[in-house]
Amino acid sequence: MACSKENKVLIHQYLDEDMTLLEKKQFEQHIMTCKDCEQDLKELRKTIALVQSGSHFEAPANFTENVMKQLPKQSKTYKWKH
Amino acid sequence: MDIVVKKIIVEVKKGDQQAFGELMDLYKDKVYHIAYRMLGNVHEAQDVAQEAFLRAYTNIDSYDINRKFSTWLFRIATNLAIDRIRKKKPDFHLEDQVAGTEDLTYYSQISSEEELPEDQVVQLEMQEWVQQEIMALPPKYRSAIILKYLEDLSLKEISEILNLPVATVKTRIHRGREALRKRLKHS
């Protein structure tokens, strides 16, 4: 059976470690007895792990060069300063 | 802020384009990655990332050197990505293939003669599927989830990038996480 809405909010606070020590202990006790919340917590942890497992993409090789070509012309004052 | 970055930016502010190139080399991968995750398409990601740097260059005078540069830059990039998503909304249907997935890069980045080991294929398919589910999130949840879990930024930084109170960022992460949980639970 689905647990209360309040407890569903608590799952997220628990994941964010956004709780006092007492709240954390109380919530952990709740998890021990509530299959529904335990299941949700498990699924959320898995979801986070899946999202985090994504590889990081690198910009294409000529990226900097392409942007540099599009920059407005370097100001004369700058060249003059050197 | 990093003293090296600060020095480079001082030069950029004076108008040194070479220094801007150095700055780009430091941040291009991150900016591109955020854009890719937001848009799910390599061409659009490249467009948005390039535009973000061009805007950063032309607006460098308005950047306050005492603040974190990446926060300012990522804000430009996420705003551009969100604009882009809004613009393409009219021709977007839920039953369509997720935008850009047909040219998803995982396979195209690997030469075709090369046989991939089975577990690597599974890994790539898995990543492709997770990206599709991220793309299915409403943009406001998508940006929060990407910055938190793929860029590993603090709530405070995310709130500065998205220009939202920390409490709102938290709510968006909670909702995004919940939506993803429902979609990914049958994996």
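Residues numbered from 1 in each chain as written. Chains lettered and ligands numbered in written order. Predicted model: local features only at pLDDT ≥ 70, side-chain atom pairs only at ≥ 80, totals over all residues.

**Focus on the overall build of chain B**
When helices and strands are counted, chain B shows nine helices and zero strands. Ordered by position in the sequence, the α and β elements of chain B form the string α-α-α-α-α-α-α-α-α. Within chain B, contacts between residues separated by at least 24 positions form 66% of all contacts whose residues are at least 6 apart in sequence. (Helix = DSSP H or I, 4+ residues; strand = E, 2+ residues; numbered from the N terminus. Contact = placed C-beta atoms within 7 Å.)

**A closer look at the overall build of chain A**
The number of helices and strands found in chain A is five helices and zero strands. Going from the N terminus to the C terminus, chain A shows its helices and strands as α-α-α-α-α. Out of the 82 residues belonging to chain A, those deemed buried represent 17%. (Buried ≥ 20, exposed ≤ 12 C-beta atoms within 10 Å, placed from the backbone.)

**Structural notes on the UniProt feature "domain: RNA polymerase sigma factor 70 region 4 type" (unreviewed entry) in chain B**
When the UniProt feature table is mapped onto this chain numbering, "domain: RNA polymerase sigma factor 70 region 4 type" (unreviewed entry) sits at residues 128-180 of chain B. Annotated as 81% helix and 0% strand, the span residues 128-180 of chain B places its first and last C-alpha atoms 14 Å apart. (UniProt positions renumbered as here; feature names shortened; annotations may be inferred.)

**A look at the interface of chain A and chain B**
Contacts between the two partners involve 28 residues from chain A and, on the opposite side, 33 residues from chain B. Looking at side-chain class alone, the side of chain A that touches chain B contains 13 nonpolar, twelve polar and three charged residues. (Nonpolar A, V, L, I, M, F, W, Y, C, P; charged D, E, K, R; others polar.)

**A short note on the packing of helix α7 (residues 139-150) of chain B against helix α9 (residues 166-184) of chain B**
Two measures define how a pair of helices packs: the angle their axes make with one another and the distance between the axes. Residues and elements named next belong to chain B. Taken N-terminus to C-terminus, the directions of α7 and α9 make an angle of 95°; their axes are 8 Å apart at the nearest point. What the angle tells us is that α7 and α9 run roughly perpendicular. Between α7, through K140, Y141, R142, A144, I145 and K148, and α9, the contact on the second element is made entirely by V169, R172, I173, R175, G176, R177 and A179. Residues of the contact of α7 with α9, tallied by class, amount to six nonpolar, one polar and six charged. (Axes fitted to C-alpha atoms, helices over the stretch in contact; angles between N-to-C directions. Parallel < 35°, antiparallel > 145°, perpendicular 65-115°, else oblique.)

**Thoughts on the confidence of the model for chain A**
In the predicted model, chain A carries a mean pLDDT of 88, and the fraction of residues at 70 or more is 88%. When pLDDT is averaged over each element of chain A, helix α2 (residues 21-33) of chain A comes out on top at 96 and helix α5 (residues 76-81) of chain A at the bottom at 54. (pLDDT = per-residue confidence, 0-100.)

**Examining the nonpolar core**
Counting residues in hydrophobic clusters, the biggest one holds 48 residues, and the most contacted among them are A35, A49, A52 and A77 of chain B. Beyond its immediate chain neighbours, meaning those up to four positions away, A35 of chain B contacts A45, V48, A49, A77 and A81 of chain B. Within the second largest apolar cluster, six residues are counted, among which are L10, Y14, I31 and L44 of chain A. (Core = buried A, V, L, I, M, F, W, Y, C linked by C-beta atoms within 7 Å.)

**Thoughts on the environment of K182 of chain B**
Residues and elements named next belong to chain B. Along the chain, K182 falls in helix α9. Using a count of 11 C-beta atoms within 10 Å as the deciding quantity, one classes K182 as exposed. A C-alpha to C-alpha distance of 32 Å links K182 and L73, two positions 109 residues apart in sequence.

**Concerning helix α1 (residues 5-15) of chain A**
Residue and element names in this part refer to chain A. Among all positions of α1, only L10, I11 and Y14 are buried. For α1, the buried positions fall inside an angular range of 110° around the axis, keeping them on one side. Set apart from the buried face of α1 by more than 90 degrees, the exposed residues are K5 and V9. The inward-facing, buried residues of α1 contact α2 and α3 (35-52). (Arc of directions from axis to C-beta.)

**Quick notes on unusual backbone geometry**
Positioned with a positive phi, E17 of chain A is a non-glycine residue whose angle comes to about 55°. Here E17 of chain A lies in the loop between α1 and α2. Judged by C-beta crowding, with 7 C-beta atoms within 10 Å, E17 of chain A ranks as exposed. Positioned with a positive phi, D152 of chain B is a non-glycine residue whose angle comes to about 60°. Looking at the element boundaries, D152 of chain B is found in the loop between α7 and α8 (155-162). For D152 of chain B, a count of 9 C-beta atoms within 10 Å translates into the label exposed.

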